[in-house]
Each structure stands twice: as structure tokens, then as C-alpha cells.
Amino acid sequence: MKTISVLGSTGSIGTQALDIAKLHKIRIKALAANRNAALLTEQAKEFNAEYVCIYDKEKYKELKENFSGTNVKVLCGMEGLCEIATLDGVDILLNSVVGMVGLKPTLAAIEKGVDIALANKETLVTGGKLVINKAAENNVKILPVDSEHSAIFQCLQGNEMNEINKIILTASGGPFFGKTKAELKNVSIEQALNHPNWSMGNKITIDSATLMNKGLEFIEAMWLFDLKPEQIEIVVHRESVIHSAVEYKDGSVIAQMGVPDMRLPIQYALLYPQRLQCKGKALSLIDYGTLSFSKPDFKTFDCLRACIKAITIGGSMPAVVNGANEQAVDLFLKEKISFLKIGELVTSALNSIKQSEITCLDDVLKADKEAREFVLSKI
Ligand code: MN3
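So, here is what we can say about the structure in this document.

Rules of the game
- Residues numbered from 1 in each chain as written.
- Predicted model: local features only at pLDDT ≥ 70, side-chain atom pairs only at ≥ 80, totals over all residues.
- Heavy atoms only, no water.
- Helix = DSSP H or I, 4+ residues; strand = E, 2+ residues; numbered from the N terminus.
- Rg over C-alpha atoms; globule rule 2.2 N^0.38 Å.
- Buried < 20%, exposed > 50% of the residue type's maximum accessible area, 1.4 Å probe, protein only.
- Contact = heavy atoms within 4.5 Å.
- Areas by Shrake-Rupley, 256 points an atom, 1.4 Å probe, with all protein chains shown as cover.
- Lys, Arg positive; Asp, Glu negative; His and termini not counted.
- Charge placed at Lys NZ, Arg CZ, Asp CG, Glu CD.
- Axes fitted to C-alpha atoms, helices over the stretch in contact; angles between N-to-C directions.
- Parallel < 35°, antiparallel > 145°, perpendicular 65-115°, else oblique.
- Pairing = 2+ DSSP bridges.
- Polar contact = N/O pair within 3.5 Å; in protein donor to acceptor, adjacent residues only side chain to side chain.
- Donors = N, O, S within 2.8 Å, 3.2 Å for Na, K, Ca; no water.
- Phe/Tyr/Trp six-rings, centres within 6.5 Å; stacked < 30°, edge-to-face > 60°.
- Lys NZ or Arg CZ within 6 Å of the ring centre and 35° of its normal.

This brings us to the overall build of the protein. Counting its secondary structure elements, the protein contains 16 helices and eleven strands. Since a compact globule built from 379 residues should have a radius of gyration of about 21 Å, the 20 Å found for the protein is in line with a globular shape. In terms of principal-axis extent, the alpha carbons of the protein reach across some 60 × 50 × 40 Å. Counting every position in the protein, which comprises 379 residues, the buried fraction comes to 57%. Long-range contacts, defined here as pairs at least 24 residues apart, represent 67% of the contacts in the protein between residues at least 6 apart. Approximately 16,700 Å² of the protein is accessible, and the part contributed by carbon and sulfur atoms is 49%. Taken as two groups, the 43 positive and 45 negative side-chain charges of the protein have centres that lie 2 Å from each other.

Okay, the packing of helix α9 (residues 202-210) against helix α14 (residues 317-333) next. How two helices pack is summed up by the angle between their axes together with the distance between the axes. Two elements in contact, α9 and α14, have axes whose closest approach is 10 Å; the angle formed by their N-to-C orientations is 100°. Considered as vectors, α9 and α14 are oriented roughly perpendicular to each other. Contacts from Asn202, Lys203, Ile206 and Asp207 in α9 reach Asn325, Glu326, Val329, Phe332 and Leu333 in α14.

This part covers the pairing of strand β1 (residues 3-7). Among the five residues of β1, five are classified as buried, and the element is accordingly described as predominantly covered. Going residue by residue along β1, you find Thr3, Ser5 and Leu7 tucked away on one face and Ile4 and Val6 tucked away on the opposite face as well. Where β1 meets strand β2 (residues 27-33), five bridges bridge the pair, whose relative direction is parallel. By the bridge assignment for β2, Ile4 is matched with Ile28. Two elements, β1 and strand β5 (residues 92-95), share four bridges in a ladder whose sense is parallel. In the sheet register, Val6 faces β5, and the bridge partner there is Leu94.

This part takes up the environment of Thr205. Tracing the backbone through its elements, the reader meets Thr205 in helix α9. For the pair Thr205 and Leu193, spaced twelve residues apart in sequence, the C-alpha to C-alpha distance is 5.7 Å. Excluding residues that lie within four positions of it along the chain, Thr205 makes contacts with Ala192, Leu193, His195 and Met200. Of the polar contacts made by the side chain of Thr205, one reaches the backbone oxygen of Met200; its length is 3.5 Å.

Protein coordination at the manganese ion: the donors are Asp146 (OD), Glu148 (OE) and Glu217 (OE), at 2.0 to 2.2 Å from the metal. Sequence positions of the donors to the manganese ion reduce to the motif D-x1-E-x68-E. Classification of Asp146 as buried rests on a relative accessible area of 8%. On the accessibility criterion, Glu148 (8% relative accessible area) is buried.

Scanning the entire structure with this criterion turns up five aromatic pairs. With a centroid separation of 5.8 Å and an interplanar angle of 70°, the aromatic rings of Phe332 and Phe339 are classed as edge-to-face. The same class applies to Phe332 as to Phe339, namely buried. Cluster of aromatic residues (ring-pair linked, three or more members): Phe153, Tyr268 and Tyr272. Residue placement shows Lys45 over the ring face of Phe67; its charged tip is 5.3 Å from the ring centre.

This part is about the sheet that holds β2. With parallel pairing, the seven strands of this open sheet are ordered in space as β4-β3-β2-β1-β5-β6-β7. Of all the strands in the sheet, just β4 (73-76) and β7 (142-144) have a single pairing partner and so form its edges. Going across the sheet, the axis of each strand differs from the next one's by a mean of 20°, ignoring polarity. Along the sheet, helix α1 (residues 12-24) contacts β1, β2 and β5; its crossing angle with β2, the most-contacted strand, is approximately 170°. Helix-sheet contacts for helix α11 (residues 263-271) involve β1, β5, β6 (115-118) and β7, and the interaxial angle to β7 is about 160°.

The analysis is restricted to geometry; functional conclusions fall outside its scope.
Right, dumping it as C-alpha cells:
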């Protein structure tokens, strides 16, 4: 029986992971959330967690009161996340926080030798080199939770990396597939939050609408599977049934399919290499009838183009586009900027900020800060 800790337990991935933990009797050592103290308390009591952590320090008092008279250790802030990431007796740390705040606790867990189930793509986008090198040094597994990367990981089982030609990274195309820039001028927050296939948190849903999400996944795939940019082909596949595929040297393409349901990739990461029953709906290819494929629209979706350019330049640039995007999405959700402005700001940060080398966490944090300040200075 495995023991896990979850960073981001009250979010979409976190709550589904706890359902899986219940189904398969996975033990929960510690839970951390951003600011939802009420749900975090409920979860910790249900799963008998020994530690809880709230990132938002303003919520610490409330959480502390909820556990007064118990043996549960209550933590807060980044120090709390890092303490949870490095507890003894944990097999897997599920990192499902939103944004690059996930990087520091991930590095801490890797140093401790804890395997990572990674749902937080910003961790690899901003600190890919640090994470991958440290994981190799410490013999730590990075188990992808993102559905596309889980698919690729599943398609690679039993084969060698030097046998592959390329990866086919599928994209749903988001809610604005087929639209031109002119048609996207007056997009509202509600429209951008209305994703056709996946129900997810706000930040990732906006990233899916701008295709920033696919750009981040492109970078994530390069780090996870040690690929060059030219080894990844993005294919728009509206139905989200093929979650991604691997093309081998002999021309054979192995794809992983399933209905769009995050429980499957979450469970695969937590139980790897075991496959047990999952509560999701079975896939009926006959019900789907046809599956469609097309090219991504690099002209309309600036963020996708910016991500590929950023990782091609390398160094700090992926952290720059990510930081600019995190700041711009926050401004869009606060109705301070328009939808198209997100892509403009990300592109302009990429073109204006100088590339630097990433050798430690501070280099990443510096690039991230510079990008956020750049975006704020343009408003
Ligand atoms: Mn994905």
C-alpha cells in the first residue's frame, strides 16, 4: 500500500486524486491547499492526514482553529509546502498546485528522494533542467499526470527512447478553435472559461483557450522525454479521445485512448506500474463514430508560437513566457485586459527580455519576476 502527500488537494486534480485514494486505499500523509481552508479541513479529517498546510498565510489562523485539540500539524506558506514535500515515509508527492510556486517544493521532494506525480506543468516549464538533473541524481521518478504526457509515458512502456522518431502531442483546440483574431477581440471571461471537453481550474482553462496550455505542454514533453523541438508534432484532435501518441522508427504509431477523464492519468501516476479498475466511463469508439485531426493555428494563437520560440532559445526564456502568462491571465480574470492582450503581452515579454542561463532556483525566480514586472509595466 502506498502513502502519498498532495499539494493542491482542493483543486480539480487534487479532489479527483483523493477519490482515487479512497477507491484504492492509498494512505494520505499530508495535504496542502492554496486558500480553501474549509475543504482542506474536511479532506484532512476524512483521510486522517497528519499534516495540513495552507499557502495563503491569511487563512492560517482559521485552519489552526479547525485542528485545535488534535495531533494534526498545521503549516502555512512556502515553508509549509516544502516541509510537506520532504516528510519521511511518503512514496509519492502529487504536485497539483497552480503556477510556478510548485517548483521549490518539487525540488525539495526530489532531494529527499520522493517520487513526484507531476500535474503542475509550470514546474517543468520554468525549472525543467534543474528538476530533470536533480531527479536523475537522486534516482527519483517523475510520473506525468497531464493527460497527454501520461499518454506518451504509457505508449513508451516496454520500448527504448532511442527507438522513437517523434511524439504526436494532441490538442483539443480549446473553445476558440477555428476562430480568427478579429473574432476573438471581444471574448468574455465566461466564453474563455467554457472548455468543450475538459472541466478544469480557471488558470488552465484560460491557458487552453489561448493555446498557452499546449505551448507549456510542448516544453513539458521536451523535458520529460528528452526530446528536441522538431521531434514533437502538435495535432488538433477535437474529440480528445487520443490523448497523444508515439511514432517509432519502424513507422508504427502507438496511441493511448480513452474518454476525456483526468481520473485515468492521475490513477496511472499514483499506482504506476499497476493498472486497477478506474471509476471512469468506458470508451466506445462506435459511439464516437469518427475522430478528426487538423493543424494547429499558429497565426491566431500567439501564446503557442511564443512557447515554442522560448524553448528553442532556451535558458530563462521558458520561465519568462510562463511568468508573463501567469501575470497576464491574472489580469484577464480581473477584467483588466482583453483576451487577445494575453498573447500580445507574452510575445512582447519574450521579445523584450534578455535571455540568461538557469543554474539554480534563484535564476528561475529572477526570470519569473522580471517577466511579471514587464507585463505590469505595460498596463
Ligand atoms: Mn493536458
